[in-house]
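As a plain string of letters, each chain reads:
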Amino acid sequence: MKLTLIAHLIGADKKNISDTEINWLLTDSRSLSFPTESLFFAIHTPRNDGHKYIAELYNQNLRCFVVSEMLPEFEQCKDAVFLLVNDTLKALQTLVAAHRASFHIPVIGITGSNGKTVVKEWLYQLLHTDYRIVRSPRSYNSQIGVPLSVWALNETSELGIFEAGISEMQEMECLQPIIEPTIGIFTNLGDAHQENFSGLKQKCEEKLKLFKQAESLIYCSDNKLVEICIAQSDFKGKLISWGKSEKSVLQILQVEKSIYATTVILKYADADFSVIIPFADDASIENAIHCVAAMLHLGFKKDEISKRVLQLEAVAMRLEVKEGVRNCLIINDSYNSDLNSLGIALNFLNQQATAKNLSKTLILSDILQSGQAAAELYKTVAKLVKNKDIQRIVGIGKEISKHTEVFQSIEKYFFADTEEFLKSTLIREFQKEIILLKGSRRFHFEDISEKLELITHETILEVNLNALVDNLNYFRSKLKPETKVMCMVKAFAYGSGSVEVARTLQHHRCDYLAVAVADEGAELRREGIRIPIAVMNPEKGSFGMIFDHKLEPEIYSFRLLNAFIAAAEKLGLTDYPIHIKIDSGMHRLGFEPTDMEQLLTRLKIQNQVKVRSVFSHLSGADEAKFDAFTKQQIVSFTNCADQISGAFSHYIMRHILNSAGVERFPEAQFDMVRLGIGHFGISTLPDVNLKQVCALKTIILQIKTVKAGETVGYSRKGLVNTDKRIAVIPIGYADGFDRKLGNGVGEVFINGKRAKVIGNVCMDLCMIDVTDIEANEGDVVEIFGDNITISEVANWLNTISYEVLTSISRRVKRVYFQE
């Protein structure tokens, strides 16, 4: 679209605007790929402001910007074009709504509390051979994600599939004209994002606004509240209900589950037919029937629907980072295969690139159903690869292999199919690389992943980086925009892996990191972490490391202060940043309030160190019974901080709140807060459900029948009173599965049910009772995660969540993923 037309559509001044062709819309400065063809929308959010990154983007050759204010520094951007509007987010939405209105094709709009992304991806699996489809990449269903998704519609598009998510009132009214669905799918109604609605009915009514102009609406009529809300919405289109009722357009007659599949007998247009869904969980059955109803509405024959549904594959809803052979890192993404998702994956690749001189490699299959001419498509891919500074590309597929010449100034290899690549010597030559696997499903890139992944312990700790960021943003929502955030990544980031967690927090513009000892900070610096790092327990022997890696020590005593000043003086350093710790009542580390006069005297007669912040630690912010004492601590700290700040002319930050303090005492947020266990999904408030970041999982190694009267495990503690099926899993106290969880104390989660630990926990193994569970060798076992929380495990052990997380052994492989 021409920039002049864009200016007209969003109501900006069209004077002196060139006819630049805009193909890409950008809202995240870190995602720039095509600077000469992109338009950046500088969006204000509660925690950030896109206007701050315009100079950075200008230096990367971007010249077109939509802004809501003209800052003085913009005068330095001599040849830039600024489109001035009142609200940049509204301008983005208005532009894409106009873009959507120019297409007269079927568009499926999907909303609901759960299942949106799976339904979207399954519809793509079922329909991509019949239509040229544009769909939301990953879970792009927000106020920003939806317009970025719909912008991808082009003249070759034959079907759009877009999802819409909301978290408060009035949001769906903004998304409806952008998607303008002709076919609606309402997946279900649940408690997700309930906090900003008065009840489920209000939330249901808000979601249904997406379909006010739709020609048809697919929904499950078994949910009576949904049916009532639809009836009251005055929907004018065709209702396509499915459910157990005889009144349903698509009636469920029978559901028969096996371990791995479900047979559903359905009735449609007075004729019975059956589908076999290759999943057995209720959510997958619900999602699949939505897809069946959509295919029936689109005119597909029942036997063809049954044939295609049987081929449904699980949706990999995340980008996984795993250790690879020969010091490689592997990012596995076979979730989408189009330009949008490729750009997202390459951004993630760059985010994960370490400072260990790892080169960047892309293994890419043919991109199917793009709607573009192949020559133009791969020319764009080559440009994207070049702009993302990829050193090596491996193309797999007959189509991409026809366009090798467009990939210039890059090491390149091409193969007709995956099998040919696996037979080549190249598969054995990768070393010290970060490798992105980006392939369409038909190319079976899982075979490549299997060859490249480092084979390790079958017990893993999954770390959900999206959940980490969501929890960070929850706490940020409690703060003033100017309040800084220090994130604690000590103790291997509470067991989750300090480097990956720190890299993610840095990417999402955390202000400070904090570690316990200098070794931890030095490791982060070696891995490319650039933001300030505080060392909470500095030791005299580590001062050299602190100086070398530009770490900032906590100073809590005169002995430590004098030693650090002497070390800095010896090196000729001046104004080195330090953080003064005040003991406001916890009585662990810190200067006493009575030390203030002596402390200020010592600080003022030297220039080797400079106070960056003064802080303290609350001892009982998570418990209401200590509220009076917490308030007393805050007063004591404030008095000390006032004395220190008053003695110097420079700005000195203050911080006392931890995660619990942010939730319960936000009025004491001062200049910065420190987040620790809150990152990982632990809240002190009973009505807050933070996202679980870590999930400890293993598999069943063996299942055996143990006869009544026999015993299981060491010391014969696991007495079997009746014949039982016992599963052995490869996790023990050397992995962090506490020995106290044995003999029925602890539980694990398998195939929808809980199983108790039987007998003593061994060093590397433990045994569980699966007598009443449909379980098989190789099945996944959750130790904690979505179904068994860390807090629950902590309660079994009569300890705290911190100990459970930090006890997970380093030999347990950490697998990082981004949804």
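Residues numbered from 1 in each chain as written. Predicted model: local features only at pLDDT ≥ 70, side-chain atom pairs only at ≥ 80, totals over all residues. Heavy atoms only, no water.

Novice: What's the story with the overall build of the chain in this structure? I'm lost.
Specialist: From N to C terminus, the chain includes 25 helices and 38 strands. In summary, the chain has a C-alpha radius of gyration of 29 Å against a globular reference of 28 Å for 819 residues, a match within 12%. In terms of principal-axis extent, the alpha carbons of the chain reach across some 90 × 90 × 65 Å. In the chain, buried positions account for 56% of the 819 residues. Considering only contacts in the chain between residues 6 or more positions apart, those separated by 24 or more positions represent 65%. Summed over its atoms, the accessible surface of the chain is roughly 35000 Å², and 49% of this surface lies on carbon and sulfur atoms. When the 93 basic and 102 acidic side-chain charges of the chain are each reduced to a single mean position, those positions are 2 Å apart. (Helix = DSSP H or I, 4+ residues; strand = E, 2+ residues; numbered from the N terminus. Rg over C-alpha atoms; globule rule 2.2 N^0.38 Å. Buried < 20%, exposed > 50% of the residue type's maximum accessible area, 1.4 Å probe, protein only. Contact = heavy atoms within 4.5 Å. Areas by Shrake-Rupley, 256 points an atom, 1.4 Å probe, with all protein chains shown as cover. Lys, Arg positive; Asp, Glu negative; His and termini not counted. Charge placed at Lys NZ, Arg CZ, Asp CG, Glu CD.)

Novice: Hey, could you run me through the packing of aromatic side chains in this one?
Specialist: Think of a pair of aromatic rings as described by two things: how far the centres are apart, and how the planes are tilted against each other in angle. Inspection of every chain in the model, using the stated rule, returns 17 aromatic pairs. Between the aromatic rings of Phe543 and Phe564, the centroid separation amounts to 5.0 Å while the plane-to-plane angle is 85 degrees, which identifies the pairing as edge-to-face. You can see Phe543 sitting in helix H19 (residues 543-548) and its partner Phe564 sitting in helix H20 (residues 558-570), a full 21 residues away along the chain. Residue classification places Phe543 among the buried residues on the basis of a relative accessible area of 5%. (Phe/Tyr/Trp six-rings, centres within 6.5 Å; stacked < 30°, edge-to-face > 60°.)

Novice: How should I be thinking about the pattern of salt bridges in this particular structure?
Specialist: Two side chains carrying opposite charge are able to pair once their charged atoms lie near each other. Within the structure shown, the criterion is met by 37 salt bridges. Here Glu747 ties to Lys756 by a salt bridge, and the two come within 3.0 Å at their closest N and O atoms. A residue is classified by how much of its surface remains accessible, and Glu747, at 16% relative accessible area, is buried. Asp764 is the salt-bridge partner of Arg811, the closest N and O atoms lying 2.6 Å from each other. Here Arg811 is found in the loop between helix H25 (801-806) and strand S38 (813-818), whereas its partner Asp764 is found in the loop between strand S35 (753-758) and strand S36 (766-769), with 47 residues between them in sequence. A residue is classified by how much of its surface remains accessible, and Arg811, at 37% relative accessible area, is partly exposed. Each of Lys120, Glu121, Arg135 and Glu163 takes part in salt bridges that share partners, so that together they form one network. (Salt bridge = Lys/Arg side-chain N within 4 Å of Asp/Glu carboxyl O.)

Novice: Can you help me understand helix H18 (residues 518-526) in this one?
Specialist: An α-helical turn contains 3.6 residues, so any two residues separated by three or four positions project in the same direction. Among all positions of H18, only Ala518, Glu520, Gly521, Ala522, Leu524 and Arg525 are buried. Contacts made by the buried residues of H18 are with helix H16 (490-494), helix H17 (498-507), strand S22 (512-515), strand S23 (533-535) and H19. Where H18 terminates, the next one or two residues include Gly528, which has phi positive at roughly 95 degrees.

Novice: Got a minute to help me understand the sheet that holds strand S4 (residues 81-84) in this structure?
Specialist: Consider a sheet: its strands pair through backbone hydrogen bonds, and that pairing is either parallel or antiparallel. In space, the four strands of this open sheet follow the order S1-S2-S3-S4, with parallel pairing throughout. Pairing within the sheet leaves two strands with one partner each, and these edge strands are strand S1 (24-26) and S4. Averaged over neighbouring strand pairs, the angle between their axes works out to 25 degrees when direction is ignored. Of the strands in this sheet, S1, strand S2 (38-41) and strand S3 (64-67) are in contact with helix H3 (residues 88-101), which crosses S2 at around 140 degrees. (Pairing = 2+ DSSP bridges. Axes fitted to C-alpha atoms, helices over the stretch in contact; angles between N-to-C directions.)

Novice: What am I meant to see in the confidence of the model for the chain here?
Specialist: Detailed reading of the predicted coordinates is not advisable wherever pLDDT is low. Looking at the chain as a whole, its pLDDT mean stands at 93, while 98% of the residues score no less than 70. By mean pLDDT, strand S14 (residues 319-323) is the weakest element of the chain at 81, and strand S27 (residues 653-655) is the strongest at 98. (pLDDT = per-residue confidence, 0-100.)

Novice: What's the story with the layout of surface pockets in this structure? I'm lost.
Specialist: A probe matching the size of a water molecule, rolled over the atoms, marks out where space remains unfilled. By volume, the second largest pocket amounts to about 940 Å³. Along the wall of the second largest pocket there are 37 residues; nearest its centre are Tyr494, His617, Asn658, Ile677 and Tyr802. Elements represented by at least two residues in the lining of the second largest pocket include exactly H16, helix H23 (659-664), strand S28 (672-675) and H25. Looking at side-chain class alone, the lining of the second largest pocket contains 17 nonpolar, 12 polar and eight charged residues. (1 Å grid on protein atoms, 1.4 Å probe; cavity = no way out; pocket = protein on both sides within 12 Å on 5 of 7 lines; lining within 4 Å. Points joined across faces, edges and corners; volume = space filled by probe spheres on them. Nonpolar A, V, L, I, M, F, W, Y, C, P; charged D, E, K, R; others polar.)

Novice: I'm lost on empty space enclosed by the protein in this one. Help?
Specialist: With the rule as written, the count across this model stands at two cavities of 30 Å³ or more. A volume near 40 Å³ is recorded for the largest cavity. Lys581, Ile582, Asp583, Ser584, Met586, His587, Arg588, Leu589, Ser616 and His617 are the residues that line the largest cavity.

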